[in-house]
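Understanding the architecture of this molecule
As a plain string of letters, each chain reads:
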Amino acid sequence: MTHAMLKGSNVPLEATAVRAVLRWTPGQGVPEVDASALLLNPDGRVRSDEDFVFYNQPRHPSGKVRLLGKKRTAEGPTDTIQTDLAGVEPDVSQILLVASADDVTFDRVQGLRILLYDASVADGEPLAYFDITPQTGKETALICGELYRRDKRWKFRALGEGYSNGLKGLATDFGISVDESDPEPSAAQPQPLPPEQPTGVPPQPAYGFPPQ
């Protein structure tokens, strides 16, 4: 059963590994969307800069969170993060799933959706999906959702929280050290998408939601 999620809702996860797929509608002037992840401790902060998984650091040192890269599908372009929930270090309590758009505001990105799949099933139906609607349209980065532990089990919560100061601003808020002399991380050249694939290829009160 696929759960259609609303902002703030959560769903328990039985899968031991999940793929979080960001998908959007292509079109003229539509930017590439980049997926990234932040691994947070119980205080809601990264333990080090290595807890930021993005296109310039696509694999966490633990090997348990990694970018799988972009694809073109019949439904639209995608960027994907895979997480081995069973192997995530015990002092990681949350994994934020983030979308950024190369400093372009999200009012130019239509049909943004995050889909969660059981990574052990090649062509299975999604476990859950969440259609993300920016609050103002001026956001340049969005926390789409979070994977979080509750009573030694993992859940997924739909968030859709926006940042107007891009991926750098978002990462800095969670403890990433950013060299101000460096360009905005999300300003890197987007990776080219591979050819289109046939259809079928496959608690954190800070957000205003009570612990569940």
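For the structure itself, look to the data block above.
Below, the structure is looked at part by part. Since this is a predicted model, take the numbers as computed values, not measurements. (Residues numbered from 1 in each chain as written. Predicted model: local features only at pLDDT ≥ 70, side-chain atom pairs only at ≥ 80, totals over all residues. Heavy atoms only, no water.)

To continue, consider the environment of Asn56. Checked against the element boundaries, Asn56 lands in the loop between strand S5 (52-53) and strand S6 (65-73). Here the alpha-carbon distance between Asn56 and Ser36, two residues 20 residues apart in the chain, equals 10.0 Å. (Helix = DSSP H or I, 4+ residues; strand = E, 2+ residues; numbered from the N terminus.)

Strand order in this open sheet of 6 strands is S2-S12-S11-S8-S4-S5, and the pairing throughout is antiparallel. Looking at which strands have only one partner, the edges of the open sheet turn out to be strand S2 (10-12) and S5. (Pairing = 2+ DSSP bridges.)

Positionally, Ser164 belongs in the loop between strand S12 (153-163) and helix H1 (166-173). Ignoring sequence-local partners within four residues, the contact set of Ser164 consists of Lys138, Glu139 and Thr140. (Contact = heavy atoms within 4.5 Å.)

We now examine the packing of aromatic side chains. The full count for this structure, using the stated rule, is 2 aromatic pairs. Centroid distance Phe52 to Phe54: 4.3 Å. Interplanar angle 5 degrees. Geometry classified as stacked. Of the two residues, Phe52 and Phe54, both sit in the buried class. On the numbers, 5.3 Å between centres and 65 degrees between planes, the contact of Phe54 with Tyr55 is edge-to-face. On the accessibility criterion, Tyr55 (13% relative accessible area) is buried. By way of ring pairs, the aromatic residues Phe52, Phe54 and Tyr55 are connected into one cluster. Over the ring of Tyr129 we find Arg113, and its NZ or CZ is 4.1 Å from the ring centre. Across from the ring centre of Tyr148, 4.4 Å away, lies the NZ or CZ of Arg157, which sits over that ring. (Phe/Tyr/Trp six-rings, centres within 6.5 Å; stacked < 30°, edge-to-face > 60°. Buried < 20%, exposed > 50% of the residue type's maximum accessible area, 1.4 Å probe, protein only. Lys NZ or Arg CZ within 6 Å of the ring centre and 35° of its normal.)

In terms of burial, strand S11 (residues 141-150) is largely enclosed, as 9 of its 10 residues are buried. Bridging between strand S8 (residues 94-100) and S11 involves 7 bridges; their strand directions are antiparallel. Bridge pairing links Ala99 to Leu142 in S11. Here S11 pairs with S12 via 9 bridges, running antiparallel. When the bridges of S12 are listed, Ala141 appears paired with Tyr163. Taken together, S11 and the strand that follows it, S12, pair antiparallel across an intervening segment of 2 residues, in which Asp151 is found at a positive phi of about 55 degrees.

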